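# Survey of secondary and tertiary structure
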Amino acid sequence: MDFHFEILKTDPTGARLGRLTTPHGVIDTPAFMPVGTSGTVKGLTQQALTELGVQVLLGNTYHLYLRPGHEKIRRLGGLHRFMSWPGAILTDSGGFQVFSLADLRKITDEGVVFRSHLDGSEHFLSPETSIEIQQALGSDIAMVFDECIEYPADHARAAAAVKRTTEWALRCRDFSRRNTETSTNPGQVYFAIVQGGTHADLRRESARQLVDLDFPGYAIGGLAVGEPHALSCEMAARAAEELPQDRPRYVMGVGLPEQLADYVRCGVDMMDCVLPTRNARNGCLFTSTGRLNIGNAIYADDPRPPDERCSCMVCRTYSRAYLRHLFQANEILASILNSHHNVAFFLDIMGKIRQAIAFGELAELSSEFLARIEAGEP
Ligand SMILES: [Zn+2]
């Protein structure tokens, strides 16, 4: 299957219902992508992911490069085969994680020298090495290497990162075109990443520069790094306005359940977030009436499912009292069941969003959803 994107319907709010075809299957958009940092969505088997209806997951280049190493994954046939995942995979460029996790030594136009958070060893990541790693992994969608900046960042700093990000995107594109034979996935495509911090003019400028380079899809990066949600949406909207209608748009690293529809209304087609799995391991369950901390003593004798509106395997089978017991006893199953429900919950929201776009009712869905969360549990 060759990569292509079609828009099936647009909503009056600006939301798009679409279908993204990749070498490893079709992705219904707007899509939520669970994060599979090190070749696993923590707490969920690949079989469970398939049963939950996951069509695409995210792999982290930085983590897989450090451990087990991209050449090992190449020798074992690429990331799909290595982790036995038949669906689509998107890999990030490693940029965000180098800038946020590693001990940075030096950033130049050439690339970034950093020390591994695992063992302190020194490494170099550049536009070319990021593509080389992602070609070994063989993701369906690879991301160009970009410069991620902190929030807040002043206009001059953000402008410099936009300039470097465009130069790096060009180098990624050229390197990938010169090395089409080296990917373990011949159908692999690259998305560019719009930067610009919280400056609307820079978001527009960054998008325009990258559109000139003609990528098959575009991401909007550097959001959800501490800025207010309304500002985050505004930046996504400004960038989206400059992006071609017929290419998929992906906002990286967002968001909370009640925020997903806001990004969809900005014309965004794809999102990813570690919250469902990370919070699950800390005992936080997302539900239709808000968040539930399952370790709380008030659930010790509660026979109800985590979310009475959820039809996932966990909610059909287990009580809050049992989940609280597992969490208190530090049982492995606590993380597994909590992760299962949270990922199911995020996917369910996206399914409802797609349905609402199909019927032109996204605005109503969002207000109903928010009202229920605000009202809390009866
Ligand atoms: Zn559930």
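Everything in this summary refers to the structure shown in the same document.

Thresholds applied
- Residues numbered from 1 in each chain as written.
- Predicted model: local features only at pLDDT ≥ 70, side-chain atom pairs only at ≥ 80, totals over all residues.
- Heavy atoms only, no water.
- Pairing = 2+ DSSP bridges.
- Helix = DSSP H or I, 4+ residues; strand = E, 2+ residues; numbered from the N terminus.
- Axes fitted to C-alpha atoms, helices over the stretch in contact; angles between N-to-C directions.
- Buried < 20%, exposed > 50% of the residue type's maximum accessible area, 1.4 Å probe, protein only.
- Core = buried A, V, L, I, M, F, W, Y, C linked by side-chain atoms within 4.5 Å.
- Contact = heavy atoms within 4.5 Å.
- Donors = N, O, S within 2.8 Å, 3.2 Å for Na, K, Ca; no water.
- Patch = residues over 30% accessible without salt bridge, like charges linked within 9 Å, V, L, I, M, F, W, Y side chains within 5 Å.
- Areas by Shrake-Rupley, 256 points an atom, 1.4 Å probe, with all protein chains shown as cover.
- Salt bridge = Lys/Arg side-chain N within 4 Å of Asp/Glu carboxyl O.
- Lys, Arg positive; Asp, Glu negative; His and termini not counted.
- Charge placed at Lys NZ, Arg CZ, Asp CG, Glu CD.
- Parallel < 35°, antiparallel > 145°, perpendicular 65-115°, else oblique.
- Nonpolar A, V, L, I, M, F, W, Y, C, P; charged D, E, K, R; others polar.

Pairing between strand 7 (residues 103–107) and strand 8 (residues 112–115): four bridges, direction antiparallel. Counted as the bridge partner of D103 is R115 from strand 8. Between strand 7 and strand 8, which pair antiparallel in sequence order, lie four residues.

What the three strands build is an open sheet, ordered 7-8-9; its pairing is antiparallel. One side of each edge strand has no neighbouring strand; the edge strands of this open sheet are strand 7 and strand 9 (122–125). Each adjacent strand pair in this sheet contributes to an overall mean axis angle of 25°, direction not counted.

Okay, unusual backbone geometry next. Residue P68 is bonded to the preceding R67 through a cis peptide linkage, with omega at 10°. The residue after V254, namely G255, is reached through a cis peptide bond having omega 0°. Examined against the element boundaries, G255 turns out to sit in the loop between strand 13 (249–251) and helix 10 (260–265). Unusually for a residue other than glycine, D214 sits at a positive phi of about 60°. Within the secondary structure, D214 is located in the loop between helix 8 (200–212) and strand 12 (217–220). Look at D214 and you get partly exposed, because its relative accessible area is 46%. Despite not being glycine, N330 shows a phi value in the positive range, around 60°.

It is worth spelling out the nonpolar core at this point. A general tendency of soluble globular proteins is for nonpolar side chains to be buried together. Membership of the largest hydrophobic core comes to 107 residues, with the highest contact counts inside it found for L90, I141, M143, Y250 and I353. Ranked by residue count, the leading element in this core is helix 14 (residues 332–358), at 12 residues. Among all residues touching I353, those that are not within four sequence positions of it are P30, L260, A261, V264, L362 and L365. Counting residues in each nonpolar core, the second largest holds six residues, with I149, A153, A161 and V162 among its members.

Within the secondary structure, M270 sits in strand 14 (residues 270–273). Of the residues examined, M270 reaches a relative accessible area of 0% and is grouped as buried. In sequence terms M270 and A31 are 239 residues apart; their C-alpha atoms lie 4.8 Å from each other. In this structure M270 touches L20, A31, M33, L90, I141, F191, P248, R249, Y250 and V251, once residues within four positions along its chain are discounted.

Turning next to the coordination of the zinc ion. Coordination sphere of the zinc ion, protein contribution only: C310 (SG), C312 (SG), C315 (SG) and H341 (ND1), at 2.1 to 2.3 Å. Written as a sequence motif, the donor residues of the zinc ion are C-x1-C-x2-C-x25-H. Taken together, the residues span a long stretch of sequence, with C315 in helix 12 (residues 313–317) and H341 in helix 14 at a distance of 26 residues. Across this residue pair, the class does not change: C315 and H341 are buried.

Moving on: a positive patch on the surface. Judged by side-chain charge, K42, R67, R278 and R281 come together as a positively charged surface patch. Topologically, R278 is positioned in helix 11 (residues 275–281).

Taken together, the side chains of Y322, I332, L333 and I336 present a nonpolar region at the surface, about 340 Å² in accessible area. The dominant element in the nonpolar patch, judged by the number of residues it contributes, is helix 14, at three residues. Tracing the backbone shows I332 in helix 14.

Orientation of helix 7 (residues 155–178) relative to helix 8, taken along the N-to-C sense of each, is 10°, at an axis distance of 10 Å. Accordingly, the angle class assigned to the pair helix 7 and helix 8 is roughly parallel. For the pair helix 7 and helix 8, contact is made by H155, A158, A159, V162, T166 and A169 and by D201, L202, S206, Q209 and L210, respectively. Among the residues forming the contact of helix 7 with helix 8, the class breakdown is six nonpolar, four polar and one charged.

Moving on, we get to the sheet that holds strand 13. Taken in spatial order, the eight strands of this closed barrel run 4-5-6-10-11-12-13-14, and their pairing is parallel. With strand direction ignored, the average angle separating the axes of adjacent strands in the sheet is 30°. Against the sheet, helix 6 (residues 127–137) touches strand 6 (88–91), strand 10 (141–143) and strand 11 (189–194), its axis set at about 160° to strand 10. Strand contacts of helix 8: strand 11 and strand 12, with the helix running at about 155° to strand 11, the strand carrying the most contacts.

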